[in-house]
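One-letter residues, chain by chain:
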Amino acid sequence: MLPLTLLKTAQSHPMLVELKNGETYNGHLVSCDSWMNINLRDVICTSKDGDRFWRMPECYVRGSTIKYLRIPDEVIDMVKDDAQAKARMRSEMNKGRVGAGSQNQNVRGQLRPRYKNTPQNGLKSGSRGPINRPLSQAGVNKTRK
């Protein structure tokens, strides 16, 4: 389970954010980005000592200042269920593709060339052996006509 996947699933759910300086923010997650910057709404901020409280309609928290996040168990269960469903879908997709890896193999398991008209062993297709003789000038002129 990736942290950003967890945060994206937790949108519109309540959460507690503790910062490195000791302040805590309780509110509903509105959005998050790839740097774990988050927007909260209906926020109650608590001082480091726990003796002062502030109520704010919304708040932005920079991801690099976050010490930890407390997310409800129901959100974690949602992410686990989603991950299991995706794994099931992947396994079902792979079951339908059985034998797809053997398309490029012949009967003995040797790899076949990727393209049908590919020369093998340095031979041109349709020839009886390697061609080592240079083309004569007369042969080149005949093909230009």
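Residues numbered from 1 in each chain as written. Predicted model: local features only at pLDDT ≥ 70, side-chain atom pairs only at ≥ 80, totals over all residues. Heavy atoms only, no water.

Per an unreviewed UniProt entry, the recorded name for the protein is U6 snRNA-associated Sm-like protein LSm4, and the organism is Ceratitis capitata. Regarding the protein, the UniProt comment filed under Subunit (unreviewed entry) reads as follows: "LSm subunits form a heteromer with a doughnut shape." Looking at the Function (unreviewed entry) heading of the UniProt record, one finds this comment for the protein: "Binds specifically to the 3'-terminal U-tract of U6 snRNA." (UniProt positions renumbered as here; feature names shortened; annotations may be inferred.)

**Q** Honestly, the pattern of salt bridges in this entry has me stumped. Any pointers?
**A** Side chains that differ in charge, positive against negative, can pair when their charged atoms come close. On inspection of all chains with the given rule, the structure shows four salt bridges. Residue Asp42 is joined to Arg41 by a salt bridge in which the shortest nitrogen-to-oxygen separation is 3.2 Å. You can call Arg41 partly exposed: its relative accessible area is 32%. A salt bridge links Arg52 to Asp51, with the shortest nitrogen-to-oxygen separation between them at 3.9 Å. (Salt bridge = Lys/Arg side-chain N within 4 Å of Asp/Glu carboxyl O. Buried < 20%, exposed > 50% of the residue type's maximum accessible area, 1.4 Å probe, protein only.)

**Q** What should I look at first to understand the sheet that holds strand 1 (residues 14–19) in this one?
**A** Note: strands within a sheet are paired through backbone hydrogen bonds, in either parallel or antiparallel orientation. The five strands lie next to each other as 4-3-2-1-5, forming an open sheet whose pairing is antiparallel. The sheet is open, and its two edges are formed by strand 4 (53–61) and strand 5 (66–70), each paired on a single side. On average, each strand axis in the sheet is inclined to that of its neighbour by 30 degrees, with strand direction left out of account. For strand 1 and strand 2 (residues 24–32), the ladder comprises five bridges, and the chain directions are antiparallel. Considered in strand 2, the bridge of Met15 is made with Gly27. (Pairing = 2+ DSSP bridges. Helix = DSSP H or I, 4+ residues; strand = E, 2+ residues; numbered from the N terminus. Axes fitted to C-alpha atoms, helices over the stretch in contact; angles between N-to-C directions.)

**Q** Got a minute to help me understand the environment of Asp49 in this structure?
**A** Structurally, the position occupied by Asp49 is in the loop between strand 3 (38–46) and strand 4. Distance from Asp49 to Glu23, taken between C-alpha atoms, is 8.3 Å for residues 26 residues apart in sequence.

**Q** Would you take a moment to explain the pairing of strand 4 for this structure?
**A** Strand residues, when the strand is regular, have side chains that alternate between the two faces of the sheet. Pairing between strand 3 and strand 4: eight bridges, direction antiparallel. Note on strand 4: the bridge partner recorded for Ile44 is Arg55. Hairpin remark: strand 3 followed by strand 4, antiparallel, with six residues in the connecting loop; positive phi at Gly50, about 85 degrees.

**Q** Just checking my understanding: could you explain unusual backbone geometry for this structure?
**A** Even without glycine at this site, Met36 takes up a positive phi of about 65 degrees. Within the secondary structure layout, Met36 lies in the loop between strand 2 and strand 3. Accessibility expressed as a relative area gives 26% for Met36, which makes it partly exposed. One non-glycine residue, Asp42, lies in the positive phi region at around 50 degrees. By the secondary structure assignment, Asp42 is in strand 3.

**Q** Is there a simple way to explain a negative patch on the surface in this structure?
**A** On the surface, a cluster of negative charge is made up of Asp73, Glu74, Asp77 and Asp81. Assignment of secondary structure puts Asp77 in helix 2 (residues 73–95). (Patch = residues over 30% accessible without salt bridge, like charges linked within 9 Å, V, L, I, M, F, W, Y side chains within 5 Å. Areas by Shrake-Rupley, 256 points an atom, 1.4 Å probe, with all protein chains shown as cover. Lys, Arg positive; Asp, Glu negative; His and termini not counted. Charge placed at Lys NZ, Arg CZ, Asp CG, Glu CD.)

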